[in-house]
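Residues per chain, in single letters:
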Amino acid sequence: MAFYRYFEGEVPSYLSRHFWWAYMWRGLTWFFDHPVIISSILFGQYKTLKRATIERVARVAPKGRMLQLTCVYGRLTPRIMEHLDPQPLHITDIVPVQLELAKDKAFPPEKLLATRMNAENLAYQDNSFSTLLIFFLLHELPPDARRKVLGECMRVLSPGGTLVLTEYAQLPRQHIFYRSPVARRILYRAEPFLEPFWKEDMLQSLQQLAEPFGKSVETVSHQEYFGGFYRVTEYRLTEGI
Ligand SMILES: C[S@@+](CC[C@H](N)C(=O)[O-])C[C@H]1O[C@@H](n2cnc3c(N)ncnc32)[C@H](O)[C@@H]1O
C-alpha cells in the first residue's frame, strides 16, 4: 500500500514520497519530537550538535534578522529564541503540522514569525536576513531541489551575513558507517538523498550559487563531530569581487 499517496499534492513530491512518515503524519510527529528519539536518530550526537549550533548562532544572530530554514524536532528553536530575545526568529516550512509544533514550543509565541513556504522558492526579499540556520535539511533534498534551496539562501542572506549549517559531513571515507556496506545500505534506505549530498563540495556549490547575486562565500569556522560524520560550519557572505 502506497501510504505516501495520501500526503501528495501540497508539498514537493520527494517530501511526500520519502518523508511523509517523519514529518507529515500527525500520528508520528509527536513521537519524533522527543530528544531521546532525535538523539538515537543522530547516534547520540543531538545534544552536542545542538549546543555547537547554538554557540555559532548566538555569536552572530543578535546583530540582525535571523531565519531558521525549516522546522526541526526537539528544543533547538526555543533555545535559539532565548538567544535572540528581544528580536523575533523567522522560521519557514512547507508542512503545516511542523509549523504548529514549532509554534507550540515557542516562548513567547509572538516572537516566532512562522510562515509556510517552499524553501526552493522563498517569498522573502533579497538580502532580508543577516543570519540563516539550516539544521539537517540539505541531505534530505534531491540534488536539484538542494541547488534551488541553496540559491535562495544566497539570495535572501545579505552581504556580511552568516549561514550556519549543521549536517552530515562530506563523504566520511574512514568512518565505520561508511566503510561497512551493511551500515551504508541501511543509511541509504533511510536517507535516499544522502549519497549525492556526501559527495558535494558545499563551499564550491555556495560560491557558484552566490555569484549571480554579486556575492561571495568564505568559511569562517568548521568543526566535525562523531569521528567526522557530522559537521557544524559557519559561512560568511561578502560582496562579490
Ligand atoms: C529540517 S529537516 C530535518 C530535520 C531533522 N530531521 C530534525 O528534525 O531534527 C525537516 C523539515 O524540513 C521541511 N522541508 C523539507 N523540504 C522542504 C521544502 N522544500 N520547503 C520547506 N520545508 C521543507 C520538512 O517539512 C521538515 O519539517
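Here the structure is a predicted model, which is why all the values come from computation and not from measurement.

Q: So what exactly am I meant to see when it comes to the overall build of the protein chain here?
A: Each helix and strand counted, the protein chain has 11 helices and seven strands in total. Expressed as lengths along the three principal axes of its C-alpha atoms, the size of the protein chain is roughly 50 × 40 × 35 Å. In the protein chain, which comprises 241 residues, the share counted as buried stands at 56%. A fraction of 68% describes how many contacts in the protein chain between residues 6 or more apart in sequence connect residues 24 or more apart.

Q: Where do I start with the site of the ligand in this structure?
A: Around the ligand there are 21 residues in total, and Tyr14, Tyr23, Thr70, Asp93 and Ala119 lie nearest to it. With respect to the ligand, the side chain of Asp93 contributes an N or O atom lying 2.7 Å from an oxygen atom. Relative to its unbound accessible area of 600 Å², the ligand is 95% covered by the protein chains. Ranked by residue count, the leading element in the shell around the ligand is helix H1 (residues 13–24), at three residues. The residue inventory of the shell around the ligand, partitioned by class, reads 15 nonpolar, three polar and three charged.

Q: I would appreciate a short explanation of the pairing of strand S7 (residues 230–239) in the present structure.
A: Here is the key point about a regular strand: its side chains alternate between the two faces of the sheet. Most of S7 is tucked away: seven of the 10 residues are buried. Where strand S5 (residues 157–168) and S7 come together, seven bridges link them in antiparallel fashion. Paired with Thr162 across the bridge in S7 is Arg236. Of the strand pairs in this sheet, strand S6 (residues 215–225) and S7 are connected by 10 bridges, and their pairing is antiparallel. Counterpart to Thr219 in the pairing with S7 is Tyr235. Hairpin connection from S6 to S7: four residues lie between these consecutive antiparallel strands, with Phe226 at a positive phi of about 55°.

Q: Teacher, can you tell me more about the nonpolar core here?
A: With 82 residues, the main nonpolar core has Leu69, Ile80, Leu132, Ile134, Leu138, Met154 and Tyr168 as its most contacted residues. Not counting residues within four places of it along the chain, the set of residues in contact with Met154 comprises Leu163, Leu206, Leu209, Ala210, Phe213, Lys215, Val217 and Leu237.

Q: Can you walk me through the pairing of strand S1 (residues 66–69) in this structure?
A: Of the two faces of S1, the one lined by Met66 and Gln68 and the one lined by Leu67 and Leu69 are each fully buried. Across three bridges, S1 lies against strand S4 (residues 129–135) in parallel orientation. Bridge pairing in S4 links Leu67 to Leu132. As paired elements, S1 and strand S2 (residues 89–93) share three bridges and run parallel to each other. Across the sheet, the residue bridging to Leu69 is Thr92, located in S2. Traced from S1 through helix H5 (residues 76–84) to S2, the parallel crossover comes out right-handed.

Q: So what exactly am I meant to see when it comes to the packing of aromatic side chains here?
A: Each aromatic ring pair is summarised here by two numbers: the centre-to-centre distance and the angle between the ring planes. This structure, assessed with the given rule, holds 24 aromatic pairs. Between Trp21 and Phe32 the ring centres are 5.9 Å apart and the planes differ by 55°, which places this aromatic pair in the tilted class. One end of the pair, Trp21, is in helix H1; the other, Phe32, is in helix H2 (residues 26–32), and 11 residues separate them in sequence. Take Trp21: its relative accessible area is 32%, and that puts it in the partly exposed class.

Q: I'm lost on the environment of Trp21 in this one. Help?
A: Separated by 19 residues in sequence, Trp21 and Ser40 have C-alpha atoms that sit 17 Å apart. In terms of polar contacts, Trp21 uses its side chain to reach the backbone carbonyl oxygen of His18, at 2.9 Å.

Q: Honestly, H5 in this entry has me stumped. Any pointers?
A: The α-helix advances 3.6 residues per turn, and as a result positions three or four apart in sequence lie on the same side. Of the positions making up H5, those classed as buried are Leu76, Thr77, Pro78, Ile80, Met81 and Leu84. Looking at the buried positions of H5, the neighbouring elements they touch are helix H4 (46–60), S1, S2, helix H6 (96–105), strand S3 (112–116) and S4.

Q: I keep staring at the sheet that holds S5 and nothing clicks. Help me out?
A: As a general point, the strands of a sheet are linked pairwise by backbone hydrogen bonds and lie either parallel or antiparallel. Sheet architecture is open: seven strands sit in the order S3-S2-S1-S4-S5-S7-S6, paired in mixed fashion. Here the strands that pair on one side only, and so sit at the sheet edges, are S3 and S6. Ignoring strand direction, the axes of neighbouring strands in this sheet form an average angle of 20°. Judged from the six bridges that link them, S4 and S5 form a sheet pairing that is parallel. Bridging from a neighbouring strand, Phe129 pairs with Leu157 of S5. Here H5 sits on the sheet and contacts S1, S2, S3 and S4; the angle it forms with S2, its principal contact strand, is near 155°.

Reading the values: the criteria
Residues numbered from 1 in each chain as written. Predicted model: local features only at pLDDT ≥ 70, side-chain atom pairs only at ≥ 80, totals over all residues. Heavy atoms only, no water. Helix = DSSP H or I, 4+ residues; strand = E, 2+ residues; numbered from the N terminus. Buried < 20%, exposed > 50% of the residue type's maximum accessible area, 1.4 Å probe, protein only. Contact = heavy atoms within 4.5 Å. Near = heavy atom within 4 Å. Polar contact = N/O pair within 3.5 Å; in protein donor to acceptor, adjacent residues only side chain to side chain. Areas by Shrake-Rupley, 256 points an atom, 1.4 Å probe, with all protein chains shown as cover. Nonpolar A, V, L, I, M, F, W, Y, C, P; charged D, E, K, R; others polar. Pairing = 2+ DSSP bridges. Core = buried A, V, L, I, M, F, W, Y, C linked by side-chain atoms within 4.5 Å. Right-handed = clockwise from strand over helix to strand, strands pointing away. Phe/Tyr/Trp six-rings, centres within 6.5 Å; stacked < 30°, edge-to-face > 60°. Axes fitted to C-alpha atoms, helices over the stretch in contact; angles between N-to-C directions.

What is shown is where atoms sit, not what they do.
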